[in-house]
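Descriptive structure summary
Residue strings, one per chain:
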Amino acid sequence: TPSCWTESVADPFWLYITGDGNGHPVASHSGSRNACLTGGAATYDSKDKLITPVFDFSLYNNATLTFWHTQQKSGSNQDQLTIFYRTSASGSWTQLAQYTNSITSWTQETISLPNLGSYYQVAFEGNAKGGYGVCIDDIKITAPGNWVGGTPGSLTSWETPSNGLVPVSTTNVYVPLRTYLPVVTSTGAVCNDLIIEHNAALNVNLSEKITVNGKMTLK
């Protein structure tokens with residue numbers, strides 16, 4: 001199991017192999033290995049959750065999960081994948097999505113993560129029911145740039161990574177109301193979407209500029 005990840009049971013278990021090991025699929029989506037849960041029988045559930053480390057989203061207002069997966073059926077036997085999240089170590093798992101159809105080639109899924117907070121985990125529950133296996137690869141959780149502010153010596157600098165991050169042309173930026181608000185001091189500032197919370201602000205010094213590639217929203 002990858003470092004910092006856990007599984008809910010020991011048997012059945014996720015394997016870290018190329019494809020499903022039998023050519024369905026023949027290769028990982030990228031790299032040399034992916035996670036795969038296979039085996040079981042159509043007549044009963046063989047479930048195991050592959051659980052992410054804990055994420056702290058207390059400074060973020062939205063986040064997105066993306067991953068690639070396959071689950072090709074064998075004959076009439078179809079494996080399944082269900083995505084869950086929880087917001088505390090002892091909290092119950094809440095379902096985000098479920099995939100019960102045959103997926104014969106690597107397919108990307110995108111899920112918006114709700115109820116963000118200081119404790120957040122995502123689980124990939126494979127259910128081996130005699131198909132060729134549930135395979136997942138290239139799991140990513142991304143969040144837009146979120147203004148934090150307050151770095152000593154650079155309390156308001158848009159260009160200081162520890163104030164949140166230095167946005168690029170594809171970065172969505174969220175500016176909440178905080179003690180220190182961002183100031184643009186260069187002509188190269190850029191972002192994709194820009195959301196400024198009610199009573200918050202983004203200041204641009206005279207002779208400087210920011211390029212917003214997407215849309216700007218004032219709440």
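Scroll up a little and you will see the structure.
Here the structure is a predicted model, which means the values were calculated and not measured.

Before going further, it helps to spend a moment on the overall build of the protein chain. Scanning the protein chain for helices and strands turns up zero helices and 18 strands. On C-alpha atoms alone, the protein chain measures out to a radius of gyration of 21 Å, which is more than a quarter above the 17 Å that the 2.2 N^0.38 rule sets for 219 residues. On the principal axes, the C-alpha backbone points of the protein chain span a range of 70 × 35 × 30 Å. The buried share of the protein chain, taken over its 219 residues, is 38%.

Let us look at the pattern of salt bridges. Proximity of charged atoms lets side chains of opposite charge pair with each other. Applying the stated rule across the entire model yields three salt bridges. The closest approach of N and O atoms between D45 and K47, which form a salt bridge, is 3.9 Å. Here D45 falls in the partly exposed class, since its relative accessible area comes to 47%. A relative accessible area of 38% places K47 in the partly exposed class. Several salt bridges converge on common partners, so that one network encompasses D45, K47 and K129.

The next point concerns unusual backbone geometry. The omega angle of the peptide bond from H24 to P25 is 10 degrees, so this bond is cis rather than trans. Relative to the elements of secondary structure, P25 occurs in the loop between β2 (15-17) and β3 (34-37). The residue C4 is not glycine, and still its phi comes out positive at about 80 degrees. Of note, C4 is situated in the segment before β1 (6-7).

Across the sheet, which stays open at both edges, the five strands sit in the order β1-β4-β9-β6-β7 with antiparallel pairing between neighbours. The strands lining the two open edges of the sheet, one partner per strand, are β1 and β7 (94-99). The pairing of strand β4 (residues 47-51) with strand β9 (residues 121-127) spans five bridges and is antiparallel. In the strand pairing of β9, K47 is matched with N127.

Moving on to the sheet that holds β2. Spatial strand order, β2-β3-β10-β5-β8: five strands in an open sheet with antiparallel pairing. Both outer strands of the open sheet, β2 and β8 (103-113), are each paired with one neighbouring strand and no more. Averaged over all pairs of adjacent strands, the angle between strand axes in this sheet comes to 30 degrees, irrespective of strand direction. Relative to strand β10 (residues 134-142), strand β5 (residues 63-71) runs antiparallel, the two sharing six bridges. Looking across to β10, one finds that T66 is bridged to K140.

Turning our eyes to something else, we now look at the packing of aromatic side chains. Enumeration according to the criterion identifies five aromatic pairs in this entry. Consider the rings of F67 and F124, whose centres lie 5.3 Å apart with planes at 85 degrees: the pair is edge-to-face. Taken together, the residues F67 in strand β5 and F124 in strand β9 connect sequence positions 57 residues apart. Across the pair, F124 and F67 agree in class, each one buried.

Right, let's talk about the side chain of Q71 for a bit. Mapped onto the elements of the fold, Q71 is located in strand β5. Relative accessible area serves as the criterion here: at 0%, Q71 is assigned to the buried category. For Q71, the side chain forms a polar contact with the main-chain oxygen of N101, separated by 3.0 Å. Those residues in contact with Q71 that sit more than four places away from it in its chain are Q78, D79, Q80, L81, Y99, T100, N101, S102, I103, G133 and V134.

So, how was this worked out
- Residues numbered from 1 in each chain as written.
- Predicted model: local features only at pLDDT ≥ 70, side-chain atom pairs only at ≥ 80, totals over all residues.
- Heavy atoms only, no water.
- Helix = DSSP H or I, 4+ residues; strand = E, 2+ residues; numbered from the N terminus.
- Rg over C-alpha atoms; globule rule 2.2 N^0.38 Å.
- Buried < 20%, exposed > 50% of the residue type's maximum accessible area, 1.4 Å probe, protein only.
- Salt bridge = Lys/Arg side-chain N within 4 Å of Asp/Glu carboxyl O.
- Pairing = 2+ DSSP bridges.
- Axes fitted to C-alpha atoms, helices over the stretch in contact; angles between N-to-C directions.
- Phe/Tyr/Trp six-rings, centres within 6.5 Å; stacked < 30°, edge-to-face > 60°.
- Polar contact = N/O pair within 3.5 Å; in protein donor to acceptor, adjacent residues only side chain to side chain.
- Contact = heavy atoms within 4.5 Å.

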